[in-house]
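# Geometric and topological summary
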Amino acid sequence: MSDNSFKKRCLYVAVTVVCLFVVLAALWHVSEILRLCGSIIIKCFGYIAPLLYAFIIAYLLYIPMNKLESVMKKNSRIAAVKPSRLRTVTLLLTYVSAIALIVVIIASIYMMIGGQLSKNVDFKHIVDYIINYFSDFSFGPINIKGNSSAAELIKEIQTWIEDYLKESMPNIGTVVTNIGGKVITGVVSLVISIYFLMDYENLVRRIRKIYMNSVGKKHIGRRIYKCVSIFNSTFKQFLKGQLLEAVLVAVLCIIALRIVGVSYYGVIGVISGICNLIPYLGPWIGAGIAVIVSLLGGGYSTAVWAAVAMIIVQQIDNHLLAPKVVGDSVGLHPVIIMIVLLIGADMGGIFGMLLAVPVAATVKNIIESRHNMDSVIDAVVIEDNETAGS
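What this report covers is the structure whose coordinates are included nearby. Residue indices follow the written sequence of each chain, beginning from 1 at its first position. With pLDDT at 70 or above as the cut-off, local features in this predicted model cover only qualifying residues; side-chain atom pairs require 80 or more to be listed or tallied, and sums for whole chains, interfaces and linings still use all residues. Hydrogens and water molecules were not included; the side-chain quantities draw on all heavy atoms of the structure.

## A short note on the nonpolar core
Our working definition: Residues grouped as a nonpolar core are buried Ala, Val, Leu, Ile, Met, Phe, Trp, Tyr and Cys residues, joined through side-chain atoms within 4.5 Å. A simple rule labels every residue: compare its accessible area, found with a 1.4 Å probe on the protein chains alone, to the largest value its type can have, and call it buried under 20%, exposed over 50%, or partly exposed in between. Each helix is a run of DSSP H or I of at least 4 residues and each strand a run of E of at least 2, with the numbering of both proceeding from the N terminus.
Of all hydrophobic cores here, the largest spans 21 residues; its most connected members are Leu197, Phe238, Val330, Leu332, Ile337 and Val357. Mapped onto this core, the elements with two or more residues apiece are helix H2 (30-72), helix H4 (83-117), helix H9 (219-260), helix H12 (300-330) and helix H13 (334-368). With 18 residues, the next largest nonpolar core counts Ile105, Val262, Ile271 and Ile289 among its residues.

If you want it as structure tokens, here you go:
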């Protein structure tokens, strides 16, 4: 055996032993490695989170902004304005409207609920106020004020909450820091989203051109691009269906709450319609607000009727409106809508339910358009080139 072959075999054995040692060490410390990888991923996500949030905000607000811009362009004087100035005006109106809507919702909730309790400066006064309120009537033979066991239970709950707040005092600094960090992230994301929307079309066109000139040249890249395009159009149709459903739910809630005599029925109906956009949790928020306002303003009987009215509205929405309206917007059968919602809720909770319908509709559209996929992509590339040339 020559010296060279012997050295090669020794090197091969040494490398094999080292590799086995590394693999065994990794398996032995797999939990630490996974924890380290998770922390690195979380750290990286923290750096790019403002960009992701800004993209989501810009993507969602571009639809109403573009619609507003199209409506304003119907006026000949406005259409003659410089496009950048028109975009600035529509962008400002869109953001002001979105922020105003959030402020109005919060102010309305405070006006309906918090305004009646805000005169109580501490938790003890709030508890006394609630006890005095419920002592004005009795739930059948039970009266809270005259029932010593109920009063003792409330006192124990009050003591537990006060003790919990005292124990949590050392962590307030951490909580405040976390909240401050999230606020800063939100503000930065909002500012970045403004820049995204100011040049949205050119930004999308440039990203698409870079993609088509690199990964898009390959067959798999072109397929991925087509799938993303189908998902984009499908998700926009899904959002339009969701907004239409929210309007219908708001109208039904206003009518139902007006019939049972709930105060602020118009505001509660609008809030319920907006909250209905949140899968699973949204309807409960609207119903909870209606019941709380009824308890504070009309008594427990009105609250019971408010709960019944909201349940009836949600049943109409779940079995008639949502499958029909959303199904027509994305081209899926109502039965398929209900099945994919259940699957999405089981796999991903609220976000799973939110994405289940557009993902299912995207799969359906991809299967239906698999024959003309390449021709559509070629048309998009030609359109981009002509737009860039002009």
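The structure having been displayed, the exposition proceeds.
## Considerations on H9
Note the following rule: To estimate how far a helix should reach, multiply one less than its number of residues by 1.5 Å.
Over its 42 residues, H9 runs 61 Å from end to end, which matches the ideal 62 Å to within 8%, given 1.5 Å per residue. Downstream of H9 by a residue or two, Gly261 has a phi angle that is positive, lying close to 85 degrees.

## Section: the packing of H9 against helix H10 (residues 265-275)
For clarity, the threshold we go by: The axes used here are C-alpha line fits, helices contributing only the stretch in contact, and every angle between their N-to-C directions lies in the interval 0 to 180 degrees. Small angles under 35 degrees read as roughly parallel and large ones over 145 as roughly antiparallel, with 65 to 115 read as roughly perpendicular and the rest as oblique. Here is the rule for handedness: rotate from the far helix to the near one, and if that takes an anticlockwise turn smaller than a right angle the crossing is left-handed, while a clockwise turn gives right-handed. Contacts: residue pairs with any heavy atoms within 4.5 Å of one another. Each residue gets one of three labels, nonpolar for Ala, Val, Leu, Ile, Met, Phe, Trp, Tyr, Cys and Pro, charged for Asp, Glu, Lys and Arg, and polar for the others, Gly among them.
For the pair H9 and H10, interaxial distance at closest approach is 7 Å and the crossing angle is 150 degrees. It follows from the interaxial angle that H9 and H10 lie roughly antiparallel. The two elements H9 and H10 cross, and the hand of that crossing is right-handed. In contact with Ala246, Val249, Ala250, Cys253, Ile254, Leu257 and Arg258 of H9, H10 contributes Tyr265, Gly266, Ile268, Gly269, Val270, Ser272 and Gly273. Per-class residue counts for the contact of H9 with H10 are 9 nonpolar, 4 polar and 1 charged.

## A short note on the packing of helix H8 (residues 200-212) against H9
Between H8 and H9, the least distance of the axes is 10 Å, while the angle of their chain directions is 155 degrees. Between H8 and H9, the crossing angle belongs to the class labelled roughly antiparallel. Between H8, through Arg208, Tyr211 and Met212, and H9, the contact on the second element is made entirely by Gly221, Ile224 and Tyr225.

## Thoughts on the environment of Val335
On the secondary structure map, Val335 appears in helix H13. For the pair Val335 and His319, spaced 16 residues apart in sequence, the C-alpha to C-alpha distance is 9.8 Å.

## Some details on the pattern of salt bridges
Our working rule: What makes a salt bridge here is a side-chain nitrogen of Lys or Arg within 4 Å of a carboxyl oxygen of Asp or Glu, nothing more.
Applying the stated criterion across every chain yields a total of 3 salt bridges. Note that Glu69 and Lys73 form a salt bridge whose closest N and O atoms lie 3.6 Å from each other. You can call Glu69 buried: its relative accessible area is 8%. Across the pair Arg87 and Glu201 runs a salt bridge whose closest N-O atoms are separated by 2.9 Å.

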